[in-house]
Amino acid sequence: MESLQRLHNLQGGDALLKAIRVRSQRSGQNRRYYLLVSSNKKKLAGNLIAWPADLPADKKVRNIWLAPKLIPPEVEGDDAYWPMIGAILGDNKHLIISQSVKDAEDIHEYSLAMMGSILGISVFLALTMGYFLGRNVLGRIDTINATAHTIMAGDLTRRVPLTGKNDEFDELSTLLNSMLDCIDQLVTGMRQVTDNVAHDLRKPLTRMRNRLDSILSIASEKASKEAIEQAINDCDEIVRTFNSLLLIAQTESGTRRGGWGQTNLSKIIEDLESLYQALANEQGLSLTLSITPNQFVDGNKELLSQAISNLLENAFKYSIKNGTIVVKLDSIDNNTRVEIADDGPGIASAQRKNVLNRFVRLEEARHTPGNGLGLSLVKAVADQHQAQLILEDNNPGLSISLLFKNFPSTTPPPK
Amino acid sequence: MQILVIEDDIEASRYLSENLVSHGHRVETAADGKRGLALAKSKTYNVLVVDRMLPELDGLSIIRNLRSQNINTPAMVLSALGQVDHRIEGLRAGGDDYLVKPYAFSELHARLEALTRRTAPPDTTLLTVGDLELNLVNHKVCRQGQAIRLQPREFCLLEYLMRHAGQIMTRTMLLQQVWDINFDPKTNVIEAHISRLRRKIDNDFDVCLIHTVRGVGYYLGERA
């Protein structure tokens, strides 16, 4: 408005007329509408139809209602408020400059549409990326799921495949696989035990049944009494086997938590020596001790005592005539080691792991009494004390060691 | 003696009382904890045999209740719970001995005898059985005046047998009392100790003092 007013003042009415005509022809965004009228309100130039009655020429922006007939034909749309400004120029000519609301609305709509499409594109991109990323993650979860299903269906040998990317998924899969190894081992162990229980208990049960059966037909009272006595012995043997199994199971599952504390291992061995020395003398064996006094480990006295007693009994059982059994206890680098060595036939290195399983009895031991549970208990006790059980060659004979790592705490290690 | 058996398993209870009666004891039975406690409170018994798991009131609660009222009748706890921890629990509650099921009657009987028989008072300095003497002060043992040299554990074993002279001591009782061992070794280690002790005590004398009760245990006494 200012520039048009200046043009009129400097160059006169004709220049203004020309300028307005030119400007009225312009189109596009920000299109302006003009109207120049003479002092008697007669239209001189511009693209507006007529001067609205309620617009004062006071150079102030007003929203004026334009009836349909006043709206320029090139503007689409109905009547509406138009922002316009009216002014009186030098020679009493009146000028309107206005802007179509429709245009502003168009811009508004256009920006909305623009924003909408940007949003749409972003959402699309995000979803696509998410889909591809997610498909990768889901794919790997699916692999784990599939493995789990196969395992649940009974194939315990299956493992979650690793991608070799060393990412969190591989870490999780490795963890799952080691858990599966554990389960596999437990199930195999349980199956083995069930088989062995069936086998090893059926033997004395059958024997007992046959004895009781024969009592029915035995005439002499003395003979039947003997048979009954033997049947009772069979029964005791079964009970002993059950008790051993129970103790191993309790030790393995860590339910025997009472009685933990600093335990004097030297004292346990000295006590056991006093118990077994007489037997060694009777059997013509030499039982010698080489122990450091007052060596303490964190553990359960009863279990340790029974484990070492089992090892001693094994040494007695498999010792040769006039053999020597040596018990050593020493402590190196905070590790306490108990070693029981005999000079009997020993155990072939291939068999050493096997003999720790329940009910395993080597062919050579078949003729000696025993239920094949002694070393299983020792293993269970060692595990609960986080001690290593080491079977070595004593050249000749067998050397079994329990290697305890000394912990500062007095609580049982978590299992 | 007068024995109260508190046991809810009717079959086990009958087996127990029949055997005890055949050994010359008078037996009363209770099939649940409440009735057992009432009987133990109202009458005098020489010994109580209490199953650990009972309806109404468990065995250890019965014993705790009796002890809190200064009823100190010796009590033998029977249990299917065999863990050492359980045994210690049973003894802490005031039980005098603990036996795990299944048990041999001879074992139970020997233990009941040990609980009730009068033994030498704890402040005795000299134990005597026949011509065998054991001096608790200077740890000297002699028979017919001849000194017998014993190793420390042999001395403990002989002392225990002499304190309970005439009573049958089972292998597990000796293991618990003399060696503090609460499991049952598979080899008969006690037999070896007894034969060594026998060689020293009995071999050079006409009368044997150490006797074996087959399948049950040993006792020390003059009766041949």
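The structure reproduced in this document is the subject of the present report. Since this is a predicted model, take the numbers as computed values, not measurements.

Right, let's get into the pattern of salt bridges. Under the defined criterion, the tally for this structure stands at 33 salt bridges over all chains. Residue Asp271 of chain A pairs with Lys267 of chain A through a salt bridge whose shortest N-O separation is 3.0 Å. Taken as a pair, Asp271 of chain A and Lys267 of chain A lie in helix H6 (residues 265–282) at a separation of four residues, close to a single helical turn. Classification of Asp271 of chain A by relative accessible area gives buried; the value is 14%. Look at Lys267 of chain A and you get partly exposed, because its relative accessible area is 42%. With a closest N to O distance of 3.8 Å, Glu56 of chain B and Lys34 of chain B form a salt bridge. Remark: Lys34 of chain B occurs in helix H2 (residues 33–42) and Glu56 of chain B occurs in the loop between strand E3 (47–51) and helix H3 (59–68); sequence separation between them is 22 residues. Of the two residues examined, Glu56 of chain B and Lys34 of chain B, each falls in the exposed class.

Before going further, it helps to spend a moment on the sheet that holds strand E12 (residues 398–405) of chain A. Residues and elements named next belong to chain A. Pairing in this open sheet of five strands is mixed, and the strands run E7-E9-E10-E12-E11 from one edge to the other. The open sheet has two edge strands with one neighbour each: strand E7 (286–291) and strand E11 (388–393). The average angle at which neighbouring strand axes cross in this sheet is 15 degrees, direction not considered. In the sheet, E11 pairs with E12 via six bridges, with the strands oriented antiparallel.

On to the pairing of strand E1 (residues 32–37) of chain A, then. Residues and elements named next belong to chain A. Along E1, five of the six residues are buried, which leaves the element largely enclosed by surrounding structure. Pairing analysis gives six bridges linking E1 to strand E5 (residues 94–99), with the strands arranged antiparallel. Bridge assignment links Leu36 to a residue of E5, and that residue is Leu95.

Procedures and definitions
- Residues numbered from 1 in each chain as written.
- Chains lettered and ligands numbered in written order.
- Predicted model: local features only at pLDDT ≥ 70, side-chain atom pairs only at ≥ 80, totals over all residues.
- Heavy atoms only, no water.
- Salt bridge = Lys/Arg side-chain N within 4 Å of Asp/Glu carboxyl O.
- Helix = DSSP H or I, 4+ residues; strand = E, 2+ residues; numbered from the N terminus.
- Buried < 20%, exposed > 50% of the residue type's maximum accessible area, 1.4 Å probe, protein only.
- Pairing = 2+ DSSP bridges.
- Axes fitted to C-alpha atoms, helices over the stretch in contact; angles between N-to-C directions.

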